[in-house]
Amino acid sequence: MIFKKSTRLVSVLTMFSSFFVTFVASAQNKELRGLILDENGGPMCCVNVVLLSIPDSTYIQGTTSNMDGQFSMIAQKEGVIKFSCIGYDTQYIPSNKLSGKIQMRENSQLIKEIIVKGMLPKTKLTGNSMVTTIEGTVLGQSGSAKEMLSKVPGMVQNGDELQVIGRGAPIYYINGRQMQDPDELQRLRSEDIKEIEVINNPGAQYNATVSAVVRIKTKKRQGEGFGFDTEVGNQQDLYYGYTSPKATLNLHYRHNSFELFGGINYAKIDALLDSKPEQWSYLGKADSLISIEQKSAILNDVHVQGIVSHIGLDWQLSENHSVGMRFERKDPFNYYINFAQTTQTKTTDYQTGKVFNEDNNQNTQRGNSSQPYNWNGNTYYNGRIGKLGIDLNIDFVTNKSEDNNKIKEWDKSKETQMATATSTTSSMIADKLIFTYPIWKGLLSFGEEISVVSRKSKYAVENLPISNTDSKVKEDNISAFAEYAFALPKLGNFNVGVRFEYVGMKYSNFLNPQKSTSRYTNDVFPSISWAQQWGSVQTSLSYSFKTNRPNFKSLDETMIYVNPYTRQQGDPKLKNEIRQDISATARWKWLMLGAVYQKIDDHLTQWSYIYDDNGVILIKDTNLDSPVRNLTAYVVAYPTFGCYSPSWTIGLQVPNMKQTLADPREPNGERHVSYTHPIYFASLNNAIRLKHSWQFEGNLSFQSTGDAVNFRLHNSTLVVNLVAQKSWLKNDALCLRATVSDIFQRSSQKIEMDCGYYLMQQSSLNNNHYLNVSLRYSFNLTKNKYRGTGAGESQKSRMDAQRE
């Protein structure tokens, strides 16, 4: 019933917006809009479009072209429009003679001067994003898209994860299509990318759980017919000796306005994870306090290989209408894990030190995983009817995974054999419809997004001290949003948005129905951003109200057997995390300053509880009672000195979180702790581009000790990578790249979690010491015209999320 009411609400809002557009359309103001193209006919982003008065050329209003080269302004009087962009001749066109398309002309002499003076790559600020030019810069010769993104202003590499500074991991769009497979960033080459847009305050068009967005736009290649690119490579583990080969083949056929594309990728990954956790548990028994100390050594040997394939088409029916679809299938096979753990346990009296018991335990596990099917797809329509823009996307995801685990345990008295079997089926269907219409001095965007997600899970155990489970989580999400972007003379560019979201969640426990539960929420999420240019200084300021919902596995109450001393469990009663973000950014030439402040309530994390008197620990998803505050500040410099192009980022993150922990060691039974130690970070990337297409890189990333939410980092990390690259043939069609990563092997971590009655310290060897060699060849490659933008992006990521 609530679902139907919310659907009617979306319909009413959409109808109201349509009437509003019809009413405003009767206004007499003239719309100025068009499409800006480069010399090759490709759309140009970030071109300055300024309306000047006649005859004194006084500034009236201005805007910039978007990622698709489009611009729109509502003018109250006639004038002259100025089009300008670094590296291109400035053009002046009377507003009454404006046609649909404006083609910019390159100024080759100016481009040479710009490169010599170190003006590229160029990053431009808008109200809620930063757009960085990749084409024609050293960033366009940085290997894979993942390698390149870590050098883009506003982004850093944190371990294996790319993050937007102060915002965390983003979602990605490639030519308007939401990326589903994270490995696609490894397959996409920086040479094919035109520009990157980093959105650090996603507006109302995005799900309220999305904290950051990265939009990747590839270059447009000329010519029709058949084209392909292929890459082969190998990653050699220099520490353990493992070999991980990979191969990619992409095919394209283009004729007039129709394009057919597809690709296949093979990868094999072998890795060994080495960790040494130490745990101390404190239990009150009668008049004594018992201390249980556990020291473990864990080796996790992982082997997986698989194929990812995709096929799709794009058909531009006319200048204002295009349709397309894309389907992807993942086929992992021969996936298995060898797990070995040795644990020493000592039980003592905390006051006297008397030893009650000492025990040694060995545990081995061999896991096999298969996916009978794993599909996702997108279909879209993108068009314009008069002044009304329409963008419709329909997405689906369906997959099934089966995991079987054989366990053996030895202690001083016996050997025990156990087994677990897990079957998980997930599905999602979503649609997203966006309308755009020019109003007054700006552009109104409004629409809806609906998603239906289901996740079924069965967990069967054999000879284990936990129960079988059979459960299902179902969630319906219905959203309506409106966003208005406009410019006010001398005041700047503004973007104001609001999003309404209804979420209904139902958890069903089929073996224990009394634990089934459901909840329904209705929330409103506002956002606002402002941008202004003061001479050569660009500034932006933004505020957003967001949420973070637990992933679907965290909502599952299934208790998982991890090892003899650890269990893991979700909680269907988890609350949504509430976030408020304020960010400020300023740019002057090649220098950028940024700051982000976050206020987080009901922060989602994991907490450890004492499960029984034998020292078994239950790791459970939970909400923190204490609020979390974070302040992140950073400086980015990206000059160019002749053939030398550095990109340097330094910053710090200052946390502020206080807790009162239950601790039986304290006289009053509790202890106060604070997490306020800052973490300093730096990313120093250096590239030298020489004649004959030689390029050398030396890249360094550093992270200090400090606090992160309810964890303490007890050692700093320093990762240094060296790269050599050589290209041949026209347009660098053949490229050989070699990388030696983590040459000093300083990427290990030691973390601590303090729960009062339980303390954990874990040292992990994060082996990143590799030799990575790849060879790539491209032939007559044309840019994929796919314009799908995707729907249900946050639900997809929550479906795929795994516990760490």
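It should be noted that the structure appears before, not after, this text.
Structural notes, computed from the coordinates. Counting of residues starts from 1 at the beginning of each chain's written sequence and follows it residue by residue. For a predicted model such as this one, the threshold for reporting local features is a pLDDT of at least 70, and the threshold for listing and counting side-chain atom pairs is 80 or more; totals across whole chains, interfaces and linings nevertheless cover every residue. For side-chain calculations, the full set of non-hydrogen atoms in the structure is used, while hydrogens and water are omitted.

The helix and strand inventory of the chain stands at five helices and 46 strands. Relative to its full complement of 804 residues, the chain shows a buried share of 52%. Where accessible areas are quoted, they stem from the Shrake-Rupley method and a 1.4 Å probe; at the residue level, only the protein chains shown are allowed to cover. Looking at the chain as shown, the accessible area adds up to about 35400 Å², and 57% of this sits on carbon and sulfur atoms. What counts as a helix is a DSSP run of H or I of at least four residues, what counts as a strand is a run of E of at least two, and both are numbered from the N terminus. For the exposure calls, accessible area comes from a 1.4 Å probe over protein chains only, and a residue counts as buried if that area is under 20% of its type's maximum, exposed if over 50%, partly exposed in between.

Pairing between strands requires that DSSP locate at least two bridges from one strand to the other. The six strands are arranged β8-β9-β14-β15-β12-β13 in an open sheet whose pairing can be described as mixed. Of all strands in the sheet, those bounded by a partner on one side alone are β8 (123–125) and β13 (177–178).

Here we come to the pattern of salt bridges. Any Lys or Arg side-chain nitrogen located within 4 Å of an Asp or Glu carboxyl oxygen qualifies as a salt bridge. Taken as a whole, this structure holds 28 salt bridges when the rule is applied. Ionic pairing is found between Glu191 and Arg189, a salt bridge with its closest N-O pair at 3.8 Å. We note that Glu191, like Arg189, is buried. Glu293 is the salt-bridge partner of Lys295, the closest N and O atoms lying 3.5 Å from each other. Judged by its relative accessible area of 22%, Glu293 falls in the partly exposed class. Through salt bridges that share partners, Glu147, Lys151, Glu697 and Arg737 make up one connected network.

Within the fold, Ser747 resides in the loop between β43 (734–740) and β44 (749–754). Judged by its relative accessible area of 6%, Ser747 falls in the buried class. Polar contacts, as used here, are pairs of N or O atoms within 3.5 Å; protein pairs need one atom able to donate a hydrogen and one able to accept it. Residues neighboring in sequence count only if both atoms are side-chain atoms. Engagement of the side chain of Ser747 in a polar contact is seen with the side chain of Asp742, the distance being 2.9 Å. In this structure the side chain of Ser747 is engaged in a polar contact, spanning 3.4 Å, whose partner is the side chain of Asn768. Between two residues, a contact is recorded if the distance between any of their heavy atoms is within 4.5 Å. When residues no more than four places from it in sequence are discounted, the contact partners of Ser747 are Thr717, Leu718, Val719, Asp742, Asn766 and Asn768.

Of note in this structure, Leu729 is not a glycine but carries a positive phi near 70 degrees. Following the sequence through the fold, Leu729 ends up in the loop between β42 (717–728) and β43. In this model, Asp742 sits at a positive phi of 50 degrees, which is unusual for a non-glycine residue. Within the secondary structure, Asp742 sits in the loop between β43 and β44. Overall, Asp742 belongs to the buried group, its relative accessible area being 1%.

In space, the four strands of this open sheet follow the order β29-β30-β34-β33, with mixed pairing throughout. Pairing within the sheet leaves two strands with one partner each, and these edge strands are β29 (559–563) and β33 (604–610). Sheet twist, expressed as the average angle between the axes of neighbouring strands with direction ignored, equals 30 degrees. For helices, the fitted line uses only the C-alpha atoms of the stretch in contact; every axis is such a line through C-alpha atoms, and the angle between N-to-C directions lies from 0 to 180 degrees.

Turning our eyes to something else, we now look at the pairing of strand β10 (residues 155–158). With four bridges joining them, β10 and strand β11 (residues 161–164) adopt antiparallel strand pairing. By the bridge assignment for β11, Asn158 is matched with Glu161. A loop of two residues connects β10 with β11, the two strands running antiparallel in sequence, and Gly159 in this loop sits at a positive phi of about 70 degrees.

This part covers a nonpolar patch on the surface. Together, Phe226, Leu249, Leu251, Tyr253, Leu260, Ile264, Ile311 and Phe779 make up an exposed nonpolar region whose accessible area comes to about 690 Å². Where the nonpolar patch is concerned, the elements lending two or more residues are β17 (243–255) and β18 (258–285). Examining the composition of the nonpolar patch, we find that three residues originate from one element, β17, more than from any other. Classification of Leu249 by relative accessible area gives partly exposed; the value is 32%. Think of a patch as exposed residues, more than 30% relative accessible area, with no salt bridge, where like charges cluster within 9 Å and nonpolar side chains (Val, Leu, Ile, Met, Phe, Trp, Tyr) cluster within 5 Å.

Each pair of aromatic rings taken from Phe, Tyr and Trp, with Trp reduced to its six-membered ring, is defined by centres within 6.5 Å and is described as stacked if the planes are under 30 degrees apart, edge-to-face if over 60, and tilted in the remaining cases. All told, the structure shown has 16 aromatic pairs when counted by the stated rule. Ring plane angle 65 degrees and centroid distance 6.2 Å describe the contact between Tyr173 and Tyr206, whose orientation is recorded as edge-to-face. In this pair, Tyr173 sits in strand β12 (residues 171–174) while Tyr206 sits in the loop between β14 (193–199) and β15 (213–218), placing the two residues 33 residues apart along the sequence. Between the aromatic rings of Phe226 and Phe228, the centroid separation amounts to 6.1 Å while the plane-to-plane angle is 35 degrees, which identifies the pairing as tilted. Overall, the relative accessible area of 41% leaves Phe226 in the partly exposed class. Among the aromatic side chains, those forming a connected cluster through ring pairs are Phe226, Phe228, Tyr777 and Phe779.

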